[in-house]
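Reading the structure
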Amino acid sequence: MILKGTGGSETEVTWEDQQNINKFGRLNNRFHELEDEIKVAKEAIDNLEDASNELILTDEEVVRFQIGEVFAHVPKEEVETRIEEMKELNSKNLEKLEEEKESVVAQMAELKKILYGKFKDSINLEED
Amino acid sequence: MAAASSSSTESPKTTTERRGIPGAQFVEDVETYLTQTGFDVNSALAFLQERLQQYKLVEMKLLAQQRDLQAKIPDIEKCLDVVATLEAKKGTGEALIADFEVSEGIYSRACIEDNDSVCLWLGANVMLEYSCEEATLLLKKNLENAKASLEVLIADLQFLRDQVTVTQVTIARVYNWDVHQRRIRQIAASSTSKDS
């Protein structure tokens, strides 16, 4: 986001405008952070999917399940339950992140309308 | 970074410093600002640019701290997981068999008997033995502290970014005002030369 003047523009920047610009900047940052977090959450869910598929295919009774830094020997059913729980948790987390992202995008669109309305060409709110 | 002085009389528009970060003063009118500070355009721009650099430095520092904390929190959660697993196994009487890394790519098997205590690494080559409950409490407290510090840090970063935005807008406005002034002077000069 850049605020560049086309030189000679007379539009004055009020405190309210400044606060809107600040808020837009903050939302933009949060948007990028959310995109990263959503990517990580999606990867985690994919890994859990792969893990549970492998689990169905394996015929061993005891599975080495990673707890902390070690791999504990855990019976297959318990591992299945744990993986299901982790998938639940991650899905809920992903849903929450997607919701927050939608809200952020909506707020940014609102602010863009207001700021472009006042400053027109003197302000650039797009991604470079 | 030196602490800034307290705010001027227009307090709602001037954010004071926060934890050593000076607040960027919002400029109502460029001309008034320049006469008030006694700066000419170039000095004002230089001053604001320098402020911007200082803000960037602090931002780097805070971002590094944030990364450290964000790495620490999953570590603590993993430790809590392990202690919880050990506690769960306590009742059953069976030993927990675990494969752990001895060196990169080399793993060994450990048989962990029923135990009431765990040892926690506290850092600085210190390791202490705790009962499972005490260990859980300590780890939970560390997790709380880390999360609280992270929140404060994020708030600091937001404040800092706001100040950076205000400073960038002020730089643009001072520059535009200068260009506008030059244009006016040029028009005035060319019209007087036409008349004479």
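Since the model is a prediction, treat every value here as computed from it, not as a measurement.

1. Topic: the sheet that holds strand 1 (residues 62–67) of chain A
The antiparallel open sheet is built from four strands, whose spatial order is 1(A)-2(A)-1(B)-2(B). What marks the edges here is a single partner per strand, and that holds for strand 1 of chain A together with strand 2 (106–112) of chain B. On average, each strand axis in the sheet is tilted by 30° relative to the strand beside it, whichever way the strands run. Note that strand 2 (residues 70–75) of chain A and strand 1 (residues 96–103) of chain B share two bridges and pair antiparallel. Residue pairing for strand 1 of chain B: Ala 72 of chain A is matched across the bridge by Ala 98 of chain B.

2. Concerning the pattern of salt bridges
For the structure on display, the rule yields 23 salt bridges over all chains. Between Glu 133 of chain B and Lys 90 of chain B there is a salt bridge, and its shortest N-O distance comes to 3.7 Å. With a gap of 43 residues between them, Glu 133 of chain B in helix 3 (residues 132–195) and Lys 90 of chain B in helix 2 (residues 41–92) connect regions that are remote in the sequence. In this structure, the salt-bridge partner of Asp 178 of chain B is Arg 182 of chain B, at a minimum N-O distance of 3.0 Å. Highlighted residues: Asp 178 of chain B and Arg 182 of chain B, both in helix 3, separated by four residues, approximately one helical turn. Several salt bridges share partner residues, and in doing so they unite Arg 30, Glu 33, Glu 37 and Glu 100 of chain A into one network.

3. Description of the pairing of strand 2 of chain B
Residues and elements named next belong to chain B. Two strands pair when backbone bridges link them, and strand 1 and strand 2 are joined in this way by seven bridges, in the antiparallel orientation. Note on strand 2: the bridge partner recorded for Phe 100 is Ser 108. Count of turn residues in the strand 1/strand 2 antiparallel hairpin: two residues, of which Gly 105 carries a positive phi of about 85°.

Conventions we followed
Residues numbered from 1 in each chain as written. Chains lettered and ligands numbered in written order. Predicted model: local features only at pLDDT ≥ 70, side-chain atom pairs only at ≥ 80, totals over all residues. Heavy atoms only, no water. Pairing = 2+ DSSP bridges. Helix = DSSP H or I, 4+ residues; strand = E, 2+ residues; numbered from the N terminus. Axes fitted to C-alpha atoms, helices over the stretch in contact; angles between N-to-C directions. Salt bridge = Lys/Arg side-chain N within 4 Å of Asp/Glu carboxyl O.

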